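What the coordinates show
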Amino acid sequence: MSDMTQAAEAAIDTQSQEYLVFSLGSEEYAVDILKVQEIRGYENVTRIANAPDFIKGVTNLRGVIVPIVDLRIKFHLDKVEYEGQTVVIVVNVADRVVGIVVDGVSDVMTLSSDQIKPAPEFGETLSADYLSGLGSLEDRMLVIVDIEKLLTSEEMALVEQQAQ
Amino acid sequence: MDITEFYETFFEEAEELLGDMERHLLELDLDEPDPEQLNAIFRAAHSIKGGAGTFGFSVLQETTHMLENLLDYARQGELTLRTDIVDLFLETKDMLHDQLNAYRNGDEPDPEAFARICQTLKQLALEELGRGVGSEPDAEIASPEHVTEKAERSAVEEAVEQEAAAAPQEAAPSADSGWLRVVLLNVSDKDRELLVEELGNLGTVTEQHGDAARYEVVLESATSRDDIEAVMCFIVEPEQLSVAAIAAPAEPTQGAPETTSASAVSQDDAPVSEAPAAAERAEAPAEEKAPARAATGDKPANAAPGGKGGGAKKKTGGESATIRVPVEKVDQIINLVGELIITQSMLDQTASELDVAAHGPLVNGMNLLQRNARDLQESVMSIRMVPMDYVFSRFPRLVRDLTGKLGKDIELVTEGQSTELDKSLTERIIDPLTHLVRNSLDHGIEMPDEREAAGKPRTGQLTLSAQHQGGNILIEVKDDGGGLNREKILAKAAHNGLTVSDSMSDDEVWQLIFAAGFSTADQVSDVSGRGVGMDVVKRNIQAMGGHVEIQSWPGKGTTTRVVLPLTLAILDGMSIKSGPEIFILPLSAVLESLQPSNDDIYSMAGNDKLLKVRDEYLPLIALYDILNIEGAEQDPTQCIAVILQAEGRRYALLVDDLVGQQQVVVKNLETNYRKVPAISAATILGDGSVALILDVADINRLHRQRANAPKHAELTASRQEDVVS
């Protein structure tokens, strides 16, 4: 019996994935690390007129023009400050490069599928459609974001929907 | 070595030859065909046949063979060319093109189409000449050509008599199995091996010797001299090769007859010494093949002007000076150079803060780097530029086909074919331009009788022209037809539910035809008039960063002007400041800039402001208003008004300050983001930050939309326009 459990656990372990954990205010979020291209500081962002407020503008990433999204504004966090700790996670989704502003990046974690619980229906700010689930790690809870779905969604206004 | 390595070369050459063939066929004056042109057409067919034979493309070979035979009769004057025959030749050319593409894609050409064209060509030969084509041996073609060559030479060389006597003997064995001496001059070892191997496929190589400067191969083969040359020409230049029939293998080295004729030639030139005589001897076989060519090269005084060889040589000379490179490779270089320029300006900015005295060598180095980087950028950009001929050359055929179909008489004139344009734009302009040409042919130019009644020449004229205008290229499609019908357009527009009034200016009326689903043609023809198109034309041209205007005069004709930027990759920009933000204005749209005084600013209907510039009232648009910029100067008299022109409209844009002029590398915003209103693209400034490039036409549109918002009627109109644009 115990042998079987171990075997089952081993099978689950092979399905485990690595996530990049970042913080927005006091909450912890995680994204699939394979979508992450790099992490850099927040600087030199050129504002885009008449864009939603959470789109901070565009920046130059080694010759590529990359839009910068502030998830703190998108998720209606109280405190939005730009300081030394503020970093931009550059992600690669749907053949696009997008930077997301977060309060800090803490670590990279491996979560097996049994550590990921289904996400409950959320409130208005973050629809469950954009979540892969909730990661439970001892006393921590990680909100696992399906960053590709979120950034290509209509409400993010990053991608022209007709073009899709 | 594998012969398939040369497939691509053959396909490309064949394609060019087909292009030449079509051009000559179209230019041909049927009443008095120019023998040079007929020769050129014949040669093109002949070269393709030769290559096709070598590579085993039998269908292509047979089709060209039949065409070639017919062309030969035409060249000899036995076949009188008529329009329908030229049509058939053009059709055959299209068929050859299809076959070529099929081979290129590794398919077999359509056998039915092949059978059909064979039948048609045979039919033509039977009707016109009373004999078949296709079955005759190559000698039929080979020998007349030799005779012509001999004739050409007689005009040039006095020594011709001796050789003319030898001519029949030379030509005769080429039909059956015979001995040929192939002489290769200045051919590299690698090419030579390949050539000898190739000759081995055509016959039996019985002897070979010599060095890189002159290598002789004796071949026993049933292949004609021309075919051998056609095969070899894919590897070496014609000048490097000579093929001569020889009587017997017994004297394969320095053949006595050639020596005699060669020394006779050399005696014409004054200094007779051992050395030149030997040189002449070496060149003698080359002269046997193409005397005019050799004469042009060696003895300019005797050169036959416009001779067969002369033309061919010029062409091959041009080819050897070009290389074919995939566009992606060029684009990659252009991107990298763009990055280099940005890095260079970043370095430059850092270096400019240093003390020149302490860092003299570094500053000097930076200056040098800047110059080199700019030169490099310019040279790289010029790689992408191709002449407009690339676009215009496809219209003679279209005009010819359509005039035939419509029963009109139209002459096509092209101007400014050498004007250069970015390659990516030339490809995208073809479709819109084709549409405009079709429109002019179908609706613009009247039937000959109508024209005569209106006191115009029966032959209509369609002019295609291209010219540079600042950073733009101006392409015009001009016809001398009936012009646009104002009443008809207005009626049709009203019928389509567009908001129109009789007081609209002509320009505004002409713009209506760019609305979707608009056609005033009384009858829908299969040429045009289905009402799809002009809106697509306008959209395509706007997508390329250009715009289109129409000018029309009743009874005199219509001119459509397409203005395009020369390239999409680089832009001459003026950087301006509004509040804390920097923007780039395309310099091509900037007319002038001035500081407005209070006396020149008038308000109209409340919020709208007008600026009076030299007796002209221009709408005054504040950039901070359009883009919601905070901290910008609100007092117009403290601002700079930049007068801009877009889509035929002028307006003044209020900005805080002019920063400077600079060339910027255009970066697409839509790669990672989306289209932004009033912004056309982005660029990277010297300090590494991003600046947005303003869309001059879109700013005006946004402004009018806002201004018109309260007035219901005009709102509908502006919406309509949005749909169109």
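Residues numbered from 1 in each chain as written. Chains lettered and ligands numbered in written order. Predicted model: local features only at pLDDT ≥ 70, side-chain atom pairs only at ≥ 80, totals over all residues. Heavy atoms only, no water.

**Examining the overall build of chain B**
- For chain B, the count of helices and strands is 25 helices and 22 strands.
- Across the 725 residues that make up chain B, the buried fraction comes to 47%.
- Long-range contacts, defined as pairs at least 24 residues apart, comprise 68% of the intrachain contacts of chain B with a sequence gap of at least 6.
- Here chain B displays about 34,200 Å² of accessible surface, and carbon together with sulfur accounts for 50% of that area. (Helix = DSSP H or I, 4+ residues; strand = E, 2+ residues; numbered from the N terminus. Buried < 20%, exposed > 50% of the residue type's maximum accessible area, 1.4 Å probe, protein only. Contact = heavy atoms within 4.5 Å. Areas by Shrake-Rupley, 256 points an atom, 1.4 Å probe, with all protein chains shown as cover.)

**Brief notes about the sheet that holds strand E6 (residues 87-93) of chain A**
Residue and element names in this part refer to chain A.
- Pairing is mixed across the open sheet formed by five strands, whose spatial order is E3-E6-E7-E5-E4. At either end of the open sheet lies a strand with only one pairing partner, and these are strand E3 (36-41) and strand E4 (55-61). Here the average twist between neighbouring strands, direction ignored, is 30°.
- Sheet topology note: the E6/strand E7 (residues 96-102) ladder contains seven bridges and is antiparallel. Its bridge partner being in E7, Val88 is matched across the sheet by Val101. (Pairing = 2+ DSSP bridges. Axes fitted to C-alpha atoms, helices over the stretch in contact; angles between N-to-C directions.)

**Details of the interface of chain A and chain B**
- Across the boundary between the two partners, chain A contributes 25 residues, which contact 24 residues of chain B.
- Applying the counting criterion to the chain A and chain B interface returns one salt bridge.
- When the shortest N-O distance is used, the salt bridge between Glu581 of chain B and Arg47 of chain A registers 2.6 Å.
- Summed over the shared surface of chain A and chain B, the number is 10 residue pairs in polar contact (both at pLDDT 80 or more).
- Secondary-structure elements contributing two or more residues to the side of chain A that touches chain B are E4, strand E5 (64-70) and E7 of chain A.
- Here the residues of the side of chain A that touches chain B are counted per class, giving 14 nonpolar, six polar and five charged. (Salt bridge = Lys/Arg side-chain N within 4 Å of Asp/Glu carboxyl O. Polar contact = N/O pair within 3.5 Å; in protein donor to acceptor, adjacent residues only side chain to side chain. Nonpolar A, V, L, I, M, F, W, Y, C, P; charged D, E, K, R; others polar.)

**Considerations on the packing of helix H3 (residues 58-76) of chain B against helix H4 (residues 83-104) of chain B**
Residue and element names in this part refer to chain B.
- Running from N to C, H3 and H4 point in directions that differ by 160°, and their axes come no closer than 10 Å. The angle between H3 and H4 places the two elements in the roughly antiparallel class. Crossing of H3 over H4 shows left-handed handedness. Contacts from Ser58, Val59, Leu60, Thr63, Thr64, Leu67, Leu70 and Leu71 in H3 reach Phe89, Thr92, Leu96, Gln99, Leu100 and Tyr103 in H4.
- The residue makeup of the contact of H3 with H4, split by class, is nine nonpolar, five polar and no charged. (Parallel < 35°, antiparallel > 145°, perpendicular 65-115°, else oblique. Left-handed = near helix turned anticlockwise from the far one by under 90°.)

**Section: the packing of helix H18 (residues 423-444) of chain B against helix H22 (residues 534-543) of chain B**
Residue and element names in this part refer to chain B.
- The interhelical angle for the contact between H18 and H22, taken along N-to-C directions, is 150°, at an axis separation of 10 Å. It follows that H18 is roughly antiparallel to H22 by the angle criterion. Here H18 and H22 pass one another in a crossing that is left-handed. Contact residues: H18 offers Arg428, Ile429, Pro432, His435, Leu436 and Asn439, while H22 offers Met534, Val537, Asn540, Ile541 and Ala543.

**A short note on unusual backbone geometry**
Residue and element names in this part refer to chain A.
- A positive phi angle, close to 50°, is found at Asn44, a residue other than glycine.
- Mapped onto the secondary structure, Asn44 falls in the loop between E3 and E4.
- Phi at Ala94 is positive, roughly 45°, even though this residue is not glycine.
- Tracing the backbone through its elements, the reader meets Ala94 in the loop between E6 and E7.

**Some points on the nonpolar core**
- Ranked by internal contacts, the top residues of the largest apolar core, which has 81 residues, are Leu623, Leu653 and Leu694 of chain B.
- Looking at which element gives the most residues to this core, the answer is strand E18 (residues 640-646) of chain B, with six residues. (Core = buried A, V, L, I, M, F, W, Y, C linked by side-chain atoms within 4.5 Å.)

**Some thoughts on the side chain of Thr92 of chain B**
Residue and element names in this part refer to chain B.
- Here Thr92 lies in helix H4.
- On the basis of relative accessibility, which here comes to 0%, the residue Thr92 falls in the buried class.
- At 2.7 Å, the side chain of Thr92 forms a polar contact with the backbone oxygen of Leu88.
- Once residues lying within four places of it in the same chain are set aside, the contact partners of Thr92 are Thr63, Leu67, Ile117 and Leu121.

**Re the pairing of E4 of chain A**
- The element E4 of chain A is extensively covered by neighbouring structure, given that six of its seven residues are classed as buried.
- Adjacent in sequence and paired antiparallel, E4 of chain A and E5 of chain A are bridged by two residues, among which Arg62 of chain A carries a positive phi angle near 45°.

**Thoughts on the confidence of the model for chain B**
All names here are of chain B.
- Within chain B, residue pLDDT values average 73, and 72% of them lie at 70 or more.
- The least confident element of chain B is helix H12 (residues 291-298), whose mean pLDDT is 38; the most confident is strand E22 (residues 690-694), at 91.
- Scored below 50 in pLDDT, residues 249-319 shows 94 contacts in the model against residues more than four places distant or in partner chains. (pLDDT = per-residue confidence, 0-100.)

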